[in-house]
Amino acid sequence: MKYKGKLFRASKEATGDLNAKVGKIPQQLKSLFVLFLVLISLFFLLRHFFTPDTFGKYGHYRAAAIDSIMSQPLRYAGAQLCMECHDDIYALKIESYHRDVSCEGCHGPAIAHTEDPSEFVPPAPRERGYCPLCHEYNPSRPTGFPQIDLTSHNPPKPCIDCHDPHDPKPPHTPEQCSACHAEIYRTKAVSHHAPLLCTRCHEAPEAHKDQPRMHLPSKPTSRTFCGECHAMEADSPKDIPRIMMSDHGIGYVCWQCHYPHYPEVR
Amino acid sequence: MKKDKKELTRREFLKKCAVSAPAVLLLAEAESIFAKNSPELSDHKEAHYFGMGIQIDKCIGCGRCVNACKLENSVPDEPFYFRTWVERYVVQVDNEVIVESPHGGGEGFPSNISEKGIARTFFVPKLCNHCANPPCVQVCPVGATFSTQDGVVLVDEDYCIGCRYCIQACPYGARYLNPFTKTADKCTFCYHRIKKGSNPACVEVCPTKARIFGEISLRSSPLTRFFRFNKVQVLKPYLNTEPRVYYANLDGEVR
């Protein structure tokens, strides 16, 4: 009996230890634990059903979206494709001023034409209104870009009457500077320098008219050039404003302060 | 006593069963997540890193890019939906700046601009900058907008919920809400074109080659030449968005 009791006590102590470890967690915590487990598994379950298939393959997005974006149909074929059939026009254009102008820039998207040339023929803009999108005078356009004044430039003829859009050189060699440098011409016309010819200050080689960028006209290089008219001792009409070349704006050339095509005095 | 204990164990056992059932289910599900056959995906791990260069001095403001973009990407015609657009800056002699973009520049710009006298004036083509550090991707609550591995920021049209957070977050105003799909929309660098080796539509039609497209980190790329010959700036560099659209000869007035 005594022995038995001792044994019983010993085992009771052992299980008591276990109870101390496990049994002391309060019941409400245990049920909370179960609740959390259920909620977490519910979260994973729902996430599994609501997350798209390929989400997370490459990053925090649906990888399949890349494919669906890439499957968007092309509308512009690209100039290279046009060239394969229209090599005659390509040969003409590549030597011309329009060498950088893409076929579809004017003719519009033409992938349908590459698939079935007879089914869809890309339109060609022939009206006078189209070319001015690029070539009408606009002060914001970069200097040197060929621009015209629509009201004075041969109205109402369509541009393609005189200019081949695939090789748009002027129909004849321009005679006057104003044909290309209209903006400067107009500015100068209302300035004090109106009576001066362009060639008074710029020596333009004849070849400049045919190949403007290859043969550039000269520009004055020194103060003494302006001094030919504006120096105190210059041999020029009396009403021309004079300056002392020796103390006026030393260290500068004249056109750093005075715009020669429109000298101030407003 | 012993009987009690036995009963307790049984209860415990049942409880444990109840708990472990969903856990086992969960495990099974987890396995199925990994085992799930994803649809055929093309390999997007090619070593691309796309960027665009824009030469301000070459832009003539003809708006061909704006129209080409609308046609290529079916952007709504209304004059307030643009994936790319052209702005005109007019800095007047008194330093007052006029910025305008009628119809996104798609129909050209009027030639009479300022009565005060112009100090300088130029066009600035704009589009999504495809930032390396994009604020729009950060704010998207569902992961519908993202940067691909080749450096293009895209919108997942099927997954976007149209909450407009990204439209608010973009410091360049490059996004709009597509009125038909009711999802955010923006320039994709014509992702469907560039992955097939073509240029984006705007680059394709630009008559003066003011837009240059290519690989940023490749030595034989038109962009590399662009970087070699130009002083290059990005828009709003102080925001640390690290745009991948680079501007040559950008004026300080451009915002």
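A quick note: this is a predicted structure, and the numbers were derived from the prediction, not measured. (Residues numbered from 1 in each chain as written. Chains lettered and ligands numbered in written order. Predicted model: local features only at pLDDT ≥ 70, side-chain atom pairs only at ≥ 80, totals over all residues.)

Engineer: A description of the overall build of chain B should follow, citing residues and the corresponding values.
Structural biologist: The helix and strand tally for chain B stands at 7 helices and 11 strands. Counting all 255 residues of chain B, 38% fall into the buried class. Taking contacts inside chain B between residues at least 6 apart in sequence as the whole, the part at least 24 apart equals 61%. (Helix = DSSP H or I, 4+ residues; strand = E, 2+ residues; numbered from the N terminus. Buried ≥ 20, exposed ≤ 12 C-beta atoms within 10 Å, placed from the backbone. Contact = placed C-beta atoms within 7 Å.)

Engineer: Describe in detail the interface of chain B and chain A, supporting the description with residues and values.
Structural biologist: Of the residues lining the interface, 52 residues belong to chain B; the matching set on chain A comes to 46 residues. Ranked by the residues each element gives to the side of chain B that touches chain A, the list is headed by helix H1 (residues 2–35) of chain B, at 6 residues. The residue inventory of the side of chain B that touches chain A, partitioned by class, reads 23 nonpolar, 16 polar and 13 charged. (Nonpolar A, V, L, I, M, F, W, Y, C, P; charged D, E, K, R; others polar.)

Engineer: Please provide a residue-by-residue account of unusual backbone geometry, values included.
Structural biologist: Here the residue pair A:Pro155 and A:Pro156 is connected by a cis peptide bond, since its omega of -10° sits within 30 degrees of zero. For A:Pro156, the position within the fold is in the loop between helix H8 (132–135) and helix H9 (182–189). At A:Asn154, a position not held by glycine, the phi torsion is positive, near 45°. With respect to the helices, strands and loops of the structure, A:Asn154 is situated in the loop between H8 and H9. The partly exposed category is assigned to A:Asn154, around which 13 C-beta atoms lie within 10 Å. Positive phi, normally seen in glycine, also occurs at B:Glu242, with a value near 50°.

Engineer: Tell me about the confidence of the model for chain A, and name the residues and values.
Structural biologist: Per-residue confidence for chain A gives a mean pLDDT of 88, with 91% of residues at or over 70. Looking across chain A, the model is least confident in helix H1 (residues 2–23) of chain A, with a mean pLDDT of 54, and most confident in helix H6 (residues 103–107) of chain A, with 95. (pLDDT = per-residue confidence, 0-100.)

Engineer: Which residues make up the sheet that holds strand S9 (residues 211–215) of chain B, and what values go with them?
Structural biologist: Residue and element names in this part refer to chain B. Spatial ordering of the open sheet is given by S9-S1-S11-S10, a layout of 4 strands whose pairing is mixed. Edge positions in the sheet fall to S9 and strand S10 (232–233), since each has one partner strand and no second. Contacts between helix H7 (residues 222–229) and the sheet are confined to strand S1 (50–55), S9, S10 and strand S11 (245–248), with S9 contributing the most and set at about 120° to the helix. (Pairing = 2+ DSSP bridges. Axes fitted to C-alpha atoms, helices over the stretch in contact; angles between N-to-C directions.)

Engineer: Give a description of the sheet that holds strand S3 (residues 97–100) of chain B that names residues and reports values.
Structural biologist: All names here are of chain B. The 3 strands are arranged S3-S2-S4 in an open sheet whose pairing can be described as antiparallel. On the outer flanks of this sheet lie S3 and strand S4 (118–127), each paired with one strand and no other. Taking the axes of each pair of neighbouring strands and ignoring which way they run, one obtains an average angle of 15° across the sheet. Here strand S2 (residues 84–92) runs beside S4; their pairing, made up of 9 bridges, is antiparallel.

Engineer: Got a sec to walk through the pairing of S1(B)? Specific residues and values, please.
Structural biologist: Residue and element names in this part refer to chain B. Burial analysis of S1 places 6 of its 6 residues in the buried class, which makes it a mostly covered element. Sheet analysis places S1 next to S9, joined by 5 bridges and oriented antiparallel. Looking at S9, one finds that Met52 is bridged to Phe213. As judged from the 4 bridges shared by S1 and S11, these two strands associate in the parallel manner. Across the sheet, residue Gln55 finds its bridge partner in S11, namely Ala248.

Engineer: Any chance you could break down the nonpolar core for me, citing the residues and the numbers?
Structural biologist: One broad rule of soluble globular proteins: the nonpolar side chains tend to lie buried together. Core analysis: the largest hydrophobic core is formed by 70 residues, its most contacted members being B:Leu154 and B:Cys202. For B:Cys202, the contacting residues outside a window of four places in its chain are B:Cys65, B:Ala68, B:Cys69, B:Thr84 and B:Arg211. (Core = buried A, V, L, I, M, F, W, Y, C linked by C-beta atoms within 7 Å.)

Engineer: Lay out helix H3 (residues 63–70) of chain A with the relevant residues and their values.
Structural biologist: For H3(A), the complete set of buried residues consists of A:Ala63, A:Ala64, A:Ala65 and A:Ile66. Looking at the buried positions of H3(A), the neighbouring elements they touch are strand S6 (153–155) of chain B.

Engineer: I'd like a rundown of the confidence of the model for chain B, residues and numbers included.
Structural biologist: All names here are of chain B. On average, chain B scores 87 in pLDDT, and the residues at 70 or more come to 85%. The secondary structure element of chain B with the lowest average pLDDT is H1, at 60, and the one with the highest is S11, at 97. Here residues 34–41 is modelled with pLDDT under 50, and outside its nearest four sequence neighbours on either side it reaches 11 contacts, counting other chains as well. Interface scoring of the predicted complex returns ipTM 0.80; its pTM is 0.81.

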